[in-house]
Each structure stands twice: as structure tokens, then as C-alpha cells.
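# Observations on the three-dimensional arrangement
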Amino acid sequence: MPEESTDQPSDAITGHMSPEEFRRQGHAAIDWIADYWASLDDLPVRAQVAPGDVRHLLPASAPEDGEPFDAVLADLDRVVVPGLTHWQHPRFFAYFPANSSPAAILGDLLSSGIGAQGMIWATSPAVTEVEQVVLDWLAEALGLPEAFRSDGPGGGVIQDTASTATFTALLSALHRASGGEARRHGVGGAGWRVYGSTQAHSSLVKAAIMAGLGEDAVRTVAVDPATQAMDVDTLHDAVVEDVGAGLRPLLVHVAAGSTSTGAMDDIAAVAEAVRPWGVWVHVDAAWAGVAAVCPEHREHLAGVEAADSFVTNPHKWLLTTFDCSTFWVRDRAALTGALSILPEYLRNAATESGEVVDYRDWHPQLGRRFRAIKLWAVLRTYGLNGLRAHIRSGVDLADHVAGLVAADERFELVTEPALSLVVFRLRAGDEATMAAMEAVNASGEAYLSHTTVEGRAAIRLAVGSWRTTRADVERTWRALQEAAAAQA
């Protein structure tokens, strides 16, 4: 006779929380987050661990038997927090902010609890239609062209990051320029050319690699030394030269707020320079675009009506938890033409009616979570006036930093402040600049990042956290002054 099975029936599987236990642990998790926020001011901003320190605190194998969720929360304090760089710290000024807010976190929690897949309209109609409405709201709030709205020829979609948006724009440009041939037969030896300034985000090169064009397809264009914005005459000359050599101009990447210095390319002038060749104009406003919720901060988007695609990230400066990158196109036909695939198992009456949008056709991946709910929560609970107040606070604090730099003869501004980004250095030179920044970072007092501008090192201070105050800026500045004095 066969041995009697000792397996438990499926309804006896351990590990599933009862509704009561889930409610208790959910409260405990929210309490932990609130306590974490309350503790941030006293924590070093940058992680104070060496490589391998976190790994060594964890067992080599997963537990055979389940542990209570309380043990996971306890290990957040023991294992995780000491190994974190605290992006929500009020004195995190490095890179660009990775914004969050209580409303966004609760929205993300609701998305996880709902657990819906929004790959096509039919798999969860609300996931698609809420996203369409929220993207229309935001497009209107930013002053974007009517063509980008869902009731026009284009529309918007939430990508994970601006890097994916750039890749998607490039695939759309390939589809349009090749008349669909690239989709069917690949890029071949067509000699496609992609353009971006020397300050363009590295995702442009990665997009060219992933699209099969290769790094050599990307031609970098010089910038104005003072503003770091793309030199439009140089761009025009480069396109003319490439066409003369039998190459095919495909896409130009326009930086509306570059990562290094916040440089603003002239969107209208770039679009006009490449218009004769039908080049796809992609505006990357990943950080700076959301500032356009304030009418007085829209000048860097002048000419956006000439763009074929546009991206900005609410997860950088608009109080929305990562990941949430909002991407619009002027003509959705090029986008869906490049990416639409309909296997039999996804066929349904709604799709075939042509009356709905299936977002699986709007980005490389098939599956997609309910990202819109956290942006929806932010827009509703802050309102546009609350969002404008947040943006204006960041700009005002950056202006204050610029004033502090100007008032200290040891420091100098490298470029004019760009919205909430200030780029400066010590007059004593690169070594002193980098040493002062690293001293502040190592102390845990604040966290700054660096760049090079015209071959010289510079410190970047990007304001944007929802928790940053004037006192945090001044405390960081005092730390920099002390670090500068130590270099003298």
C-alpha cells in the first residue's frame, strides 16, 4: 500500500494572515513608517556601512518555517535602517529628490491591496480609465498641448521611469520614420542617427543600445558654455552633415532641466532646426517638468507644442512615491504601431471594438500595476494649490542657497540656479570642492552630489523633499562652510 500522505490540505497552509492579523500588522507597519519619518532628522543621511555589512546580518538561507511579521518589522530596525541612505531625509540634497508623501504611500498601499493587472482595459477597466483621467488632469495642470490629452490624437501613460519613456519614444520614432519596416525587419544598416546634447541623460544612449541602433548612432551636440543648453546651430549643422553622408536623422532628445546643471534646451528652436527632416522631438523634463504646475515656472517648456513626446516624473518633485513617470505622445498611432501585439489569449470584445485603450501597447512590458491611484491620491488631497506651494517652496529655498553662496567669497556659482537646483564650487579648485562635499557626506549631516561643468568639479544641491525647511538648508550650509575652512 502507498504511504499515507503527510501533506497538509491547501486550506491549512500556514503563513496566510487572518483579516484580524492583517489589520493589526497593517497598523504596526504604518506606525513603523511614521516613527521612521519622525526619527530621520537624527539619522545620518548617507548609509554608514561598508560593502557586505548588511548581507552579513542576514542568514544564508530562507527559514524553513514561517516567522511572525513582527520579526520582519524588528529586522527593519536591526538590518535595514543602518544600511539605508535616507532619500526622505530633510537634508537629502543629492541627485534629484525621490519624492513621497503620506497620501502617495497610502495610494500605493491601496494599489497593492487591490492587486489588479491593468495590461488591457478588459482586465480592469478602472485601472485604465482612472489613469487616462489623471493624465489628462496633469496635462492640463502643466499647460501641455491639447493634442496630448486622451480625447485627442495622442494621450498619456504612466511609465516606470523616464528612461523607459525615452526608449519608448525612440521605438515610436523608428516606427514612424521606417513606415513600419523596423518593426518587421529590424533596423538593419539604415544608418539611423539620434541627437542629444553633451548634457543629455545617459538613458538616451541606453535606449539606442536596446533599440539595436548601437551607441555610435547617438551624436552628441555641444552646449553653450554659460547655460549648458544645446547649441542649436551646431545641431542643425550636424543633421545637415549626417544627411549629406547618407545617414537618417531619427530623434532629438531635448533636455528641459538636465541632470547635471538643470540646463534648459530651447524646445522651439530645436524643433525648428530639425523640422525639414521630420525628426521626432522628445522632451525630457523628468525633474523640471512638474514645476509647470506653477504658471510662473513654465518658460522652460515654451515650444512644447512642437514636441512629439514629453516626459516628467511626479516621483521626483511632485510628492508621488516611486515609480511614477508620466509620458505623453502627440500621435498615439506611432506608439501603438510600434508596440502593439495581440496574442489570442488577450483577445476580447472591448479591444476589438476599438473603443478602449489597452496600455500594454504603450510601453515595452505587458503587465502593469495600478500606478495611477497614488498620483490620483496626491492630486486630490493636495490640490493644485498645494502642489504649487510645494514647488514654490523648493524654488525659494534654492534661491536662498544661491544667496548664501554669493555671500561667501570662498564659493562661487557655476551656473545660474535652475528652479530648485544650485550648482556651485569652492574657488580653491577641484580638490577642495570634492573634499568639502565628501566631508559633509561622510559626517551624515547632509548628502550632496557632484558633477563636472566645463571640465571643473562642482557641487549640486537639489531641494525638493516634502520635509525640507529653511533650517535644514542653513544647517547644511554651515557644515559646508566648516568643511571649506578645513581645506584652507
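Details of the structure are given in the entry above.
What counts, and where the lines are drawn
- Residues numbered from 1 in each chain as written.
- Predicted model: local features only at pLDDT ≥ 70, side-chain atom pairs only at ≥ 80, totals over all residues.
- Heavy atoms only, no water.
- Helix = DSSP H or I, 4+ residues; strand = E, 2+ residues; numbered from the N terminus.
- Rg over C-alpha atoms; globule rule 2.2 N^0.38 Å.
- Buried < 20%, exposed > 50% of the residue type's maximum accessible area, 1.4 Å probe, protein only.
- Contact = heavy atoms within 4.5 Å.
- Areas by Shrake-Rupley, 256 points an atom, 1.4 Å probe, with all protein chains shown as cover.
- Expected span 1.5 Å × (residues − 1).
- Arc of directions from axis to C-beta.
- Core = buried A, V, L, I, M, F, W, Y, C linked by side-chain atoms within 4.5 Å.
- Pairing = 2+ DSSP bridges.
- Axes fitted to C-alpha atoms, helices over the stretch in contact; angles between N-to-C directions.
- Parallel < 35°, antiparallel > 145°, perpendicular 65-115°, else oblique.
- Left-handed = near helix turned anticlockwise from the far one by under 90°.
- Nonpolar A, V, L, I, M, F, W, Y, C, P; charged D, E, K, R; others polar.
- Phe/Tyr/Trp six-rings, centres within 6.5 Å; stacked < 30°, edge-to-face > 60°.
- Lys NZ or Arg CZ within 6 Å of the ring centre and 35° of its normal.

## Overview of the overall build of the chain
Helix and strand counts for the chain come out as 16 helices and 11 strands. The C-alpha atoms of the chain give 25 Å as radius of gyration, which agrees with the globular expectation for 488 residues (23 Å, within 12%). Along the first, second and third principal axes, the C-alpha set of the chain runs to 85 × 65 × 45 Å. When the 488 residues of the chain are sorted by exposure, 50% land in the buried category. Contacts in the chain between residues far apart in sequence, at least 24 positions, make up 76% of those at least 6 positions apart. For the chain, the accessible area works out to roughly 22,300 Å², and carbon and sulfur atoms hold 54% of it.

## Quick notes on the environment of Leu346
Following the sequence through the fold, Leu346 ends up in the loop between helix 12 (332-339) and helix 13 (349-353). Along the sequence, Leu346 and Met119 sit 227 residues apart, while their C-alpha atoms lie 9.4 Å from each other. The residues touching Leu346, leaving out its near neighbours within four places in the chain, are Met119, Ile120, Arg360 and Leu366.

## Details of helix 15 (residues 430-443)
Along its 14 residues, helix 15 runs 20 Å from first to last C-alpha, staying within 8% of the 20 Å computed at 1.5 Å per residue. Buried residues of helix 15: Ala432, Thr433, Ala436, Met437, Val440 and Asn441, and no others. With its buried residues spanning 165° around the axis, helix 15 presents them on a single face. Looking one or two residues past helix 15, Gly444 carries a phi angle of roughly 85°, positive in sign.

## Remarks on the nonpolar core
Leu235, Val252, Val283, Phe310, Trp328 and Ile391 are the most contacted members of the largest nonpolar core, which totals 66 residues. Where this core is concerned, the elements lending two or more residues are helix 5 (125-142), helix 9 (232-244), strand 4 (248-255), helix 10 (267-274), strand 5 (280-284), helix 14 (372-407), strand 9 (421-426) and strand 11 (456-462). Discounting residues that sit within four places of it in the chain, Val283 has contacts with Val254, Ala256, Ile267, Ala307, Ser309, Phe310 and Val311. Formed by 35 residues, the second largest nonpolar core is a distinct cluster that contains Leu204, Ala207, Ala217 and Ala334.

## What to know about the sheet that holds strand 4
Spatially, the seven strands line up as an open sheet ordered 1-7-6-5-4-2-3, and their pairing is mixed. Each end of this open sheet is capped by a strand with a single partner; those strands are strand 1 (155-159) and strand 3 (218-221). Going across the sheet, the axis of each strand differs from the next one's by a mean of 20°, ignoring polarity. Sheet analysis places strand 2 (residues 192-197) next to strand 3, joined by four bridges and oriented parallel. Bridge assignment links Val194 to a residue of strand 3, and that residue is Val218. Taken strand by strand, helix 5 contacts strand 1, strand 6 (309-312) and strand 7 (325-329), and its axis lies near 80° from that of strand 7. Strands in contact with helix 10 are strand 4 and strand 5; relative to strand 4, the strand with the most contacts, it is inclined by about 175°.

## Some thoughts on the packing of helix 5 against helix 14
Packing of helix 5 against helix 14 brings their axes to within 9 Å, and their N-to-C directions diverge by 45°. In terms of axis orientation, helix 5 runs oblique to helix 14. Note that helix 5 runs across helix 14; the crossing there is left-handed. For the pair helix 5 and helix 14, the contacting residues are Val130, Glu131, Val134, Trp137, Leu138 and Ala141 in the first and Ala372, Leu375, Trp376, Leu379, Arg380 and Leu384 in the second. Taken together, the residues of the contact of helix 5 with helix 14 sort by class into 10 nonpolar, no polar and two charged.

## Overview of the packing of aromatic side chains
One pass over the structure, following the stated rule, counts 13 aromatic pairs. Taken together, a centroid distance of 4.7 Å and an interplanar angle of 50° make the contact between Phe411 and Trp477 tilted. With Phe411 in strand 8 (residues 411-413) and Trp477 in helix 16 (residues 470-487), the pair connects residues that are 66 residues apart, well separated along the chain. For the pair Phe411 and Trp477, one class covers both residues: buried. Taken together through their ring pairs, the aromatic side chains of Trp87, Phe92, Tyr95 and Tyr447 make up a single cluster. Taking the ring centre of Phe96 as reference, the NZ or CZ of Arg460 above it sits at 4.9 Å.

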